Amino acid sequence: MSRARDLADLGGSADAGGLTGRSMLINGAFQIWQRGTSAITVSGDDDFTADRFKGWANGGGTFTVEQSTDVPNNEFEFSAKLTNTATDSSVAAGDDYRWATDIEGYNVSPLAYGSSDAKKATLSFWVKSSLAGTYCGAFYSTTASRHYIYEYTISSADTWEYKTITIDGDTTGSWNRTNGNGLRIYWGFGSGSDVQGTADAWAAGEKWETTNQAAWIGSASATFFITGIKLEIGQTATPFEHRSYGDELALCQRYFAVLQDTTAAYAGGFGFCNSTTKTKVCFPLGVALRANPTVNVTAATIDIRNNATNTAASSVSAAIAQGTNLYLDVNAASGLATNHACAIDPKQNMTFDAEL
Amino acid sequence: MDISNAKYINADGEGNDGIEAIIDGSKLYIPLDTANRHYAEILRQVAAGTLTIADAD
């Protein structure tokens, strides 16, 4: 068979989704929203929205992010919809309006950033905005403190458009290649001059826009839809890879997991009482967390069932993630029966946050 | 990240094994692990002199 035939077959395979595992980015089709699919307001720092995506809004303007069924074609089921809910029409130098996804170092290590082998990368996505114009974003490393600003043009308002952006690899800096923050991808919405830089070149510091950025945050009720986001090695954007819902959820749960409250009394964790004030319990999870998680729960809504007694918890500590188990100390003011078995009965959702 | 009321947890007197704090309006339980983003931010704010962590009860 000829080389040309091989390449033709390869191209056909790619079109059919045969080249899989290329995307380094998680939840690019916005299937997973463990914090809820309704509008989440971004009005400060690190406001998580869809799984793996978070926003910042500092300077008086705010925006919401929600799951939408407005999509570019029937290939996709969902998009993320951003809506300007408080306009900042006089953006100060330090104001910032941005949205981003953080990618774990393990997942971007093949890019070999920070070495002489650094590779080109291509970002692709579908986008639609009520405000046409030039938009910006950036590739950024929190550990190397390096950025690369990209620009793209939304030619027509309220029209889905497909964008591809290819950037050179960065040979400079100390990039995380393990379980830390390997690479952040920014989308900007009209920030201040402090974060404006030059497009199409790697530089030191954290910037994500040029002076060409459209004033989206200054446009009342402006909308911005995005889906089909893919990041891959090389200078060619290949078709979006659709993972199964289960696979995508599992990928997201490495960073954020929810133990759902039940309407009946069912235990979520089991263990023993190490003292009259402390239990040592295990919560089995489906996925290994990236790091030891922050636990969000109202402790008093946790019952510790032990020795024929229900005791309200006072705090949760020592969250240790090992494999797919999460070990917690669920503590009480007093009254636990040392060395007796116990079950943990949460009365509300518990969340485990191992986000980057 | 808006952090307040940070306090160590030492439930049985055997040493600190976590921090409870109000972060962006929610009471959270944070492990003593620098790979955890909340603990890393607490350490950063403590080093900057803008946050102190109270001793455990």
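Residues numbered from 1 in each chain as written. Chains lettered and ligands numbered in written order. Predicted model: local features only at pLDDT ≥ 70, side-chain atom pairs only at ≥ 80, totals over all residues. Heavy atoms only, no water.

A.B. asks: I keep staring at the overall build of chain B and nothing clicks. Help me out?
C.D. replies: Per the secondary structure count, chain B includes 1 helix and 3 strands. Along chain B, helices (α) and strands (β) appear in the sequence β-β-β-α when read from the amino end. For chain B, the C-alpha radius of gyration of 11 Å lies close to 10 Å, the compact-globule estimate for 57 residues. On the principal axes, the C-alpha backbone points of chain B span a range of 30 × 20 × 20 Å. The buried share of chain B, taken over its 57 residues, is 44%. Considering only residue pairs separated by 6 or more positions, chain B has 29% of its internal contacts joining residues 24 or more positions apart. When the accessible surface of chain B is split by element, carbon and sulfur atoms take 44% of a total near 2800 Å². If the 4 positive side-chain charges of chain B are averaged to one point and the 10 negative ones to another, these points end up 7 Å apart. (Helix = DSSP H or I, 4+ residues; strand = E, 2+ residues; numbered from the N terminus. Rg over C-alpha atoms; globule rule 2.2 N^0.38 Å. Buried < 20%, exposed > 50% of the residue type's maximum accessible area, 1.4 Å probe, protein only. Contact = heavy atoms within 4.5 Å. Areas by Shrake-Rupley, 256 points an atom, 1.4 Å probe, with all protein chains shown as cover. Lys, Arg positive; Asp, Glu negative; His and termini not counted. Charge placed at Lys NZ, Arg CZ, Asp CG, Glu CD.)

A.B. asks: Mind showing me how you'd approach the environment of A:Asp247 here?
C.D. replies: Position of A:Asp247 among the secondary structure elements: in helix α3 (residues 245-253). Put simply, A:Asp247 and A:Asn27 are 220 residues apart on the chain and 10.0 Å apart in space, counted from C-alpha to C-alpha.

A.B. asks: For this particular structure, what's the right way to read the pattern of salt bridges?
C.D. replies: Side-chain pairs of opposite charge can arise where the charged atoms are in close proximity. Taken as a whole, this structure holds 29 salt bridges over all chains when the rule is applied. Close ionic contact of A:Glu248 with A:Arg243 constitutes a salt bridge, the shortest N to O distance being 2.7 Å. Between B:Lys27 and B:Glu20 there is a salt bridge, with the nearest N and O atoms lying 3.8 Å from each other. Judged by relative accessible area, which is 12%, B:Glu20 ranks as buried. (Salt bridge = Lys/Arg side-chain N within 4 Å of Asp/Glu carboxyl O.)

A.B. asks: It is not clear to me how the side chain of A:Arg184 should be interpreted in this structure. Could you clarify?
C.D. replies: Residue and element names in this part refer to chain A. Inspection of the secondary structure assignment puts Arg184 in strand β11 (residues 181-188). Of the residues examined, Arg184 reaches a relative accessible area of 8% and is grouped as buried. For Arg184, the side chain forms a polar contact with the side chain of Asp102, separated by 2.6 Å. (Polar contact = N/O pair within 3.5 Å; in protein donor to acceptor, adjacent residues only side chain to side chain.)

A.B. asks: Looking at this model, I keep getting lost on the sheet that holds strand β20 (residues 315-322) of chain A. Mind explaining?
C.D. replies: What links the strands of a sheet is backbone hydrogen bonding, and the strands pair in either a parallel or an antiparallel sense. Residue and element names in this part refer to chain A. With respect to topology, 7 strands assemble into an open sheet ordered β19-β18-β22-β15-β16-β21-β20, the strand pairing being antiparallel. Across the chains shown, the open sheet's two edge strands, defined by having one partner strand only, are β19 (309-312) and β20. Within the sheet, the average angular offset between the axes of one strand and its neighbour, ignoring direction, is 25°. Inspection of the sheet shows strand β16 (residues 278-284) paired to strand β21 (residues 325-331) by 7 bridges, in the antiparallel sense. Bridge assignment links Lys280 to a residue of β21, and that residue is Asp329. (Pairing = 2+ DSSP bridges. Axes fitted to C-alpha atoms, helices over the stretch in contact; angles between N-to-C directions.)

A.B. asks: Please explain the sheet that holds strand β2 (residues 47-48) of chain A as it appears in this structure.
C.D. replies: Residue and element names in this part refer to chain A. Strand order in the open sheet formed by 7 strands is β2-β3-β6-β11-β8-β9-β12, with antiparallel pairing between adjacent strands. What marks the edges here is a single partner per strand, and that holds for β2 and β12 (202-204). Both strand β6 (residues 96-104) and β11 contribute to a ladder of 7 bridges, which runs antiparallel. Each residue of the ladder has a partner; that of Ala100, found in β11, is Tyr186.

A.B. asks: Would you explain the domain arrangement of chain A in this entry?
C.D. replies: Buried accessible area, meaning the area lost when the parts come together, often serves as the stated size of an interface. Residues and elements named next belong to chain A. When its domains are assigned, chain A resolves into domain 1 (3-253) and domain 2 (256-353). The straight-line distance from the C-alpha centre of domain 1 to that of domain 2 is 36 Å. Contact residues are listed per partner, giving 8 residues for domain 1 and 6 residues for domain 2. Summing the contributions of domain 1 and of domain 2, the shared interface buries around 700 Å²; its carbon and sulfur component is 47%. Along the contact surface separating domain 1 from domain 2 lie 0 salt bridges. Linking domain 1 to domain 2 there are 3 residue pairs in polar contact (both at pLDDT 80 or more). (Domains from an automatic or database assignment. Buried area = accessible area lost by both parts, 1.4 Å probe.)

A.B. asks: Is there a simple way to think about the packing of aromatic side chains in this case?
C.D. replies: Any aromatic ring pair is given by two values, namely how distant the centres are and how the planes are angled relative to each other. Residue and element names in this part refer to chain A. All chains considered together, the criterion is met by 27 aromatic pairs over all chains. Taking the centre distance of 5.9 Å and the plane angle of 25° together, the rings of Tyr135 and Tyr152 count as stacked. A residue pair is termed long-range when its members are at least 10 positions apart, and Tyr135 in strand β8 (residues 133-141) and Tyr152 in strand β9 (residues 146-154) qualify at 17 residues. On the basis of relative accessible area, Tyr135 is assigned to the buried category, the value being 0%. With a relative accessible area of 4%, Tyr152 lands in the buried category. With a centroid separation of 4.9 Å and an interplanar angle of 40°, the aromatic rings of Tyr186 and Trp208 are classed as tilted. Residue Tyr186 is located in strand β11, and its partner Trp208 is located in the loop between β12 and β13 (223-233); the two are separated by 22 residues in the primary sequence. Here Tyr186 matches Trp208 in class, with each residue buried. One Lys or Arg, Arg35, reaches over the ring of Phe256 and ends 3.7 Å from the middle of that ring. The ring of Tyr255 is capped by Arg52, whose NZ or CZ atom sits 3.7 Å from the centre of that ring. (Phe/Tyr/Trp six-rings, centres within 6.5 Å; stacked < 30°, edge-to-face > 60°. Lys NZ or Arg CZ within 6 Å of the ring centre and 35° of its normal.)

A.B. asks: Teacher, can you tell me more about the interface of chain A and chain B here?
C.D. replies: On the side of chain B, 20 residues touch chain A, which itself brings 27 residues to the contact. Carbon and sulfur atoms supply 43% of the area that chain A and chain B bury against each other, a total of about 1700 Å² over both sides. Broken down residue by residue, the surface that chain A buries against chain B is led by A:Lys278, A:Asn292 and A:Thr294, which jointly contribute 25%. Counting across the interface, chain A meets chain B through 3 salt bridges. Of the charged contacts, one joins B:Asp17 and A:Lys278 as a salt bridge, the two residues approaching to 2.6 Å between their closest N and O atoms.

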